[in-house]
Amino acid sequence: MAEQSPPSRRRSLPATRSGIPGSGLAKGLAVTLRTMTRKTVTEQYPDTLPDLPPRTRGVIGLFEENCTVCMLCARECPDWCIYIDSHKETVPAATPGGRERSRNVLDRFAIDFSLCMYCGICIEVCPFDALFWSPEFEYAETDIRDLTHERDKLREWMWTVPAPPALDPGAEEPKEIAAARKTAEKLAAQQQAAQAGPAEPSTGPAEPPAGTTAPSAEPREGES
C-alpha cells in the first residue's frame, strides 16, 4: 500500500478586506477636526488657580495656641523631619498657699518639606489639634535648604486651612460642642438670675387665699 502523505501544516491566512485607499487617513483627520471644535479644558496656570478638593494634602499648618510641646508628632514622624525646641517656665500659684507649676514653652517648630512624605501621621496623632492640612502647594524653592519652614511660615499657612465639612443632618452632635453648649446655657441662666435679683418683700397685709374670708376685726362676744 502506498503511504499516505501527512496533512499540510500550513495555516490558512485570513482574507484581507479590500478597503478604500486613504480611509484610515480620513478617519484620523475627522477625529482631529472634531477635537479642534470642542471647547478647551486646559486651565492656564498660574493665571487660573486650580479648584482643589478640601482634603488636599499640600502643606501642614501650625496652630501654636494648641501646641503643648508633647513631642508626639516628632516621635511618630517616620522621616524625622519635624524639629521642636522648647524650655520650661514656672507658673506662680493661682491661689495663696498653692504650689507653683511648670509648663513647656515652644521655642521652635520647623518642618523640613524636602524630607516630608505627606503621610499625615503627625496630624493624626496630635492630641490637641495643633496641626492641620492646608491645600497650599506653591512653596517651591531653588535651594533645598529653604524647604525647612519655621513656625512663622507654618502659622501663615494655618489661615488657608479650609473649614471642616458640615455634619449630616441626622448626625449626633460632637461631645465637645455639646459640653460647651451646656456650659454656656448654664452660665447664661446664672447671669439672668443674678440680674433679676432677689424678690422684694411685700409691705401690705397678705391676702387670704381664694375661697376664704378674711377674719373680722370686731371683738367676739365675751371679749372686751
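Our structure is the block above this text.
Note that the structure is a prediction, hence the values are computed from the model and not measured.

1. A short note on a nonpolar patch on the surface
Okay, step 1: Together, Tyr45, Leu49, Leu52 and Phe137 give the surface a local cluster of nonpolar side chains, amounting to about 390 Å² of exposed area.
Okay, step 2: Examined against the element boundaries, Phe137 turns out to sit in the loop between strand E4 (131-134) and strand E5 (148-149).
Okay, step 3: Overall, Phe137 belongs to the partly exposed group, its relative accessible area being 39%.

2. Re the pairing of strand E1 (residues 59-62)
Okay, step 1: Because side chains alternate across E1, one face comprises the buried residues Val59 and Gly61, and the other comprises Ile60 and Leu62, equally buried.
Okay, step 2: Alignment of E1 against E4, held across 4 bridges, turns out to be antiparallel. Across the sheet, Leu62 pairs through a bridge with Leu131, a residue of E4.

3. Looking at the sheet that holds E5
Okay, step 1: Pairing in this open sheet of 3 strands is antiparallel, and the strands run E2-E3-E5 from one edge to the other. The open sheet has two edge strands with one neighbour each: strand E2 (82-91) and E5.
Okay, step 2: Looking at chain direction, strand E3 (residues 101-112) and E5 are connected through 2 bridges and run antiparallel. Counted as the bridge partner of Asp112 is Thr148 from E5.
Okay, step 3: In this fold helix H4 (residues 151-158) packs onto E3 and E5, with an angle of close to 85 degrees to the strand it touches most, E3.

4. Topic: the nonpolar core
Okay, step 1: Ile60, Ile82, Ile84, Phe109, Ile111, Phe113 and Leu131 are the most contacted members of the largest nonpolar core, which has 26 residues in total.
Okay, step 2: Looking at this core, the elements with two or more residues in it are E1, helix H2 (72-76), E2, E3, helix H3 (121-125), E4 and H4.
Okay, step 3: Every residue in contact with Ile111, bar those within four places of it in the chain, is listed here: Ile60, Cys81, Ile82, Leu147, Thr148, His149 and Leu154.

5. A few points about unusual backbone geometry
Okay, step 1: Here Tyr45 and Pro46 are connected by a cis peptide whose omega angle stands at 10 degrees.
Okay, step 2: Its location among the elements puts Pro46 in the loop between helix H1 (23-36) and E1.
Okay, step 3: Phi is positive for Val69, close to 55 degrees, though the residue is something other than glycine.
Okay, step 4: By secondary structure assignment, the location of Val69 is in the loop between E1 and H2.

6. Topic: the side chain of Ser134
Okay, step 1: Within the element layout of this structure, Ser134 appears in strand E4.
Okay, step 2: Among residues more than four places away in sequence, those in contact with Ser134 are Thr56, Arg57, Gly58, Val59, Trp157, Thr160 and Val161.

The rules behind the values
Residues numbered from 1 in each chain as written. Predicted model: local features only at pLDDT ≥ 70, side-chain atom pairs only at ≥ 80, totals over all residues. Heavy atoms only, no water. Patch = residues over 30% accessible without salt bridge, like charges linked within 9 Å, V, L, I, M, F, W, Y side chains within 5 Å. Areas by Shrake-Rupley, 256 points an atom, 1.4 Å probe, with all protein chains shown as cover. Salt bridge = Lys/Arg side-chain N within 4 Å of Asp/Glu carboxyl O. Helix = DSSP H or I, 4+ residues; strand = E, 2+ residues; numbered from the N terminus. Buried < 20%, exposed > 50% of the residue type's maximum accessible area, 1.4 Å probe, protein only. Pairing = 2+ DSSP bridges. Contact = heavy atoms within 4.5 Å. Axes fitted to C-alpha atoms, helices over the stretch in contact; angles between N-to-C directions. Core = buried A, V, L, I, M, F, W, Y, C linked by side-chain atoms within 4.5 Å.

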